[in-house]
Amino acid sequence: MNSNNNNNNDSSSEDDLQVYETLTKLPPPNELLPRKLTIDIDVKSLYPLKPLPQFCKTYTTFIEESSQKQCIIPDIQVTDENRTLLDYYEENKQNLVYKRFDQLDLGKRTSNDRTYFASLLANFKRTQPRVFFRGEALFDQKLTPCSCDQIQFDSNFESGNLFCAFKKADNVYDLILQNDINTRGNTQWFFFSVTGAKAGQTIQFNILNHLKTGSLFNEGLQPAVYSVKENQLVGTEWCREGFNISYFKSVFMKEYPLSLKKKYYQLRFHYTFKHDGDKVYFAHSYPYTYTNLLEFLNTQLEDQERNQYLSRKVLCTTLGGNTCEVLTITSNSLQKRAFRKGVVFLARQHPGEPQGSYVMQGIIEFLTSNNPQADYLRQNCIFKIFPMMNSDGVVNGNYRCGLEGSDLNRRWKKPNKYLHPSVYYAKKYVKGFSKERQILLVVDLHGHSRKQSSFVYGCAYSSQVKTIERVFALLMSKVNPFMDYSSCTFRVENAKDKTARIQLWRELKINWVYTYECSFYGQQKKHYQIKDYLNCGVSICNALSQIVKDTTKEFTNQANQPDIQQQMLEELGKMPQTDDQDNGSDSSQSEAELSDDEMVQLFQPKTYSMKQKSLLKQQETNNKKKPQQPNSNLKSTLASQKTSILQESPSKNSEQKPPMSSQKPKNPLYRIQAPQRVRQIDQVKQPELPLMVDKSVQTDDWMYRQWLIQMGKLKKQQEFQSFTPTRNIYKSSSQSVTRFIVKNSTTKNDRGRVDSISLMASGLQNKLSSSSQQRQMMRYSGSNFMS
Ligand SMILES: [Zn+2]
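About the thresholds
Residues numbered from 1 in each chain as written. Predicted model: local features only at pLDDT ≥ 70, side-chain atom pairs only at ≥ 80, totals over all residues. Heavy atoms only, no water. Donors = N, O, S within 2.8 Å, 3.2 Å for Na, K, Ca; no water. Tetrahedral: all angles 85-135°; square planar, octahedral: opposite > 155°, others 65-115°. Helix = DSSP H or I, 4+ residues; strand = E, 2+ residues; numbered from the N terminus. Buried < 20%, exposed > 50% of the residue type's maximum accessible area, 1.4 Å probe, protein only. Salt bridge = Lys/Arg side-chain N within 4 Å of Asp/Glu carboxyl O. Pairing = 2+ DSSP bridges. UniProt positions renumbered as here; feature names shortened; annotations may be inferred.

1. A look at the coordination of the zinc ion
Of the protein atoms, only H350 (ND1), E353 (OE), E353 (OE) and H446 (ND1) coordinate the zinc ion, at distances of 2.0 to 2.6 Å. For the zinc ion, the four donor atoms in the first shell make angles of 55 to 146° at the metal, so the coordination geometry reads as irregular. Considered as a linear motif, the donors of the zinc ion on their single chain read H-x2-E-x92-H. Of this pair, H350 sits in the loop between β16 (341-347) and α5 (355-367) while H446 is found in strand β18 (residues 439-448), placing the two residues 96 residues apart along the sequence. Here H350 and H446 have matching classes, each one buried.

2. Some thoughts on the pattern of salt bridges
Counted according to the given criterion, the structure contains 17 salt bridges. A salt bridge links D375 to R378; the shortest N-O distance between them is 3.2 Å. With D375 and R378 both in helix α6 (residues 372-380), this residue pair falls three residues apart, about one helical turn. Exposure remark for D375: the relative accessible area of 31% places this residue in the partly exposed category. Residue classification places R378 among the buried residues on the basis of a relative accessible area of 1%. Here E436 ties to R437 by a salt bridge, and the two come within 3.5 Å at their closest N and O atoms. Through salt bridges with shared partners, a single network forms among K413, D497 and R506.

3. Some thoughts on the sheet that holds strand β13 (residues 279-283)
In spatial order, the strands read β4-β7-β13-β9-β10; together these five strands make up an open sheet with antiparallel pairing. Only two strands of the sheet have a single neighbouring strand rather than two, namely β4 (152-154) and β10 (239-240). Of the pairings in the sheet, the one linking strand β9 (residues 224-227) to β13 comprises four bridges and is antiparallel in character. Across the sheet, the residue bridging to S227 is V280, located in β13.

4. Focus on the UniProt feature "active site" (unreviewed entry) in the protein chain
Using the residue numbers shown here, the UniProt feature "active site" (unreviewed entry) corresponds to E517. Relative to the helices and strands, E517 is located in strand β21 (residues 512-519).

What follows is the structure, encoded as structure tokens:
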């Protein structure tokens, strides 16, 4: 034993020596690599871009010109009712002074008819983008612009979208905007620059191809103008200038649909240049580019104070190769992390609405600041922020659509992974987030081109009943001087069924899902400045902190404070009944979008349209073979069943399988007709387990999962679910030990409303007083609370 011990001691000391020697021979450990915080500013565009000046750094100086004279809508002498822009082009070819893609080698012409004026057909298998003019390949040969003219236009920069310019007369220029890529139009946003004017020279600009039938330009809105010289000399940034502004029906017909003979709308404005050799930018509103966003995020990420609360992640890569970012803002302390509420902000689904980005910037700046209210919000909430959903559209100067030519805010019902990656992944991400914690609020930020002020669209089944959905909107309008509650509407419109707002409201049962609209103009005929948009973002956070205090005060011994939600509901009850009418909706689906079929031919691989197309083809062939499909609809099925029963023909009966039969998997029609059945199944379908965590969704919050596992919650939920017939609509609430069991109403009008409420404590001991629980419940119970 002793000798052994000695041996051991000896050998261990030798080992120690060896280990020591080995260690000393090792190279020194690497220094800890610093976390890479900044984002590479890498903007991928379909064509080369020139840099823009450093716009909007201080937001302080702002001069509002009062030179806007009474607008007089000019009388247009209509010569030919059926003229299109193609005719205009043919007549004015020799006056062409600018075209956007002049410098590009745009490939050889094709006789593809599915090409539209100013459309860029980007075939992503090849690298070369192409420009066509209804199949004419307008830009194959380079046209020589009039050299005599000193005025030079440019739009080859980020978010720029002037397609071409014609000199109509001295100091009069006709401009044509570039269609949204791969669409037949959607032209409303504009952004271009002019050089070569003399000081004091006044120029009239006519933008010939606007989409919308009405505009705030007739109510006093002026174009956003940025003069480089003026900025160098006196520091003026973007301001609203221009005079003799009018917006009216153009003489030119839209190329599509030609049969409807719809007209374009024309914007006319005048501008007097202040300096010789100046470069002046003109835009629909203060531009906010993808580069601006990345630069802003970098300043946040580099800031030692701010970056401790902010993390970023690439959600996906867009069709154009740009990144779609998702940011997380929350306190870095682990305390109460599991109890934090979820909040989601989205912006720039519509690329031509830069206001959304300024509001978003206001939100991010506030939430990462050292303001005590921001600190409170970080302690109690986890913010998931999608700052630019449509970076491709922003880069390429689109107004409404992404690169594939569709409105992303109409793709939330069934987004395609390949065509709408940012929507697909954002939806998946938000769904995963909702399984992890209760989402209190979702705000999708937009700009409105027809209405003044800022306001929200919310969801509600009835416009008559003042429900919980309105509470947060009213509170926001109280803390935000720029928000007008009377302009808000709360409806679930069929036309907007596929928007982020309605889909998230429906699928995730979140009461406060809003589309937040900020006017391109301002309010009470006063232009919004950039800082006003930023302040709108701060106000949203202010309202949120009040409501979070309200919903968490049971935990913070503040139960004696007045209940803000109840106050708001009472106030709503006193308001006169109004039928929400949304005049001048900014969201109607445009006929300028290509159909799925047409898109299929542009984007051949990997699209759902291909599948859909093959389904449609099979359907067509099947229809030809069997014009009267027994299960084509319920009526005909019933009728045929009836006749078959009357005829008592066994052979026919065996042929006609009932529509609910599950023995027809091979028939493609079966899938197409599925919705009718799915809806029936939906009603009896087992609801999703409330605390189930989808591991495929990569949320950052592994802490919460760990906590869940430890508490054995999941199992208890499952056990509970198996014997209760009720439906748990509010998933893990902040106090995850408290579960709200809500029975669905059966009446049709009241679908989704809360009928009766029971409360159940599971797992941990619930220390709350029953009255406070009930109050909490009532807040969620909407209309019943009011009645
Ligand atoms: Zn919008």
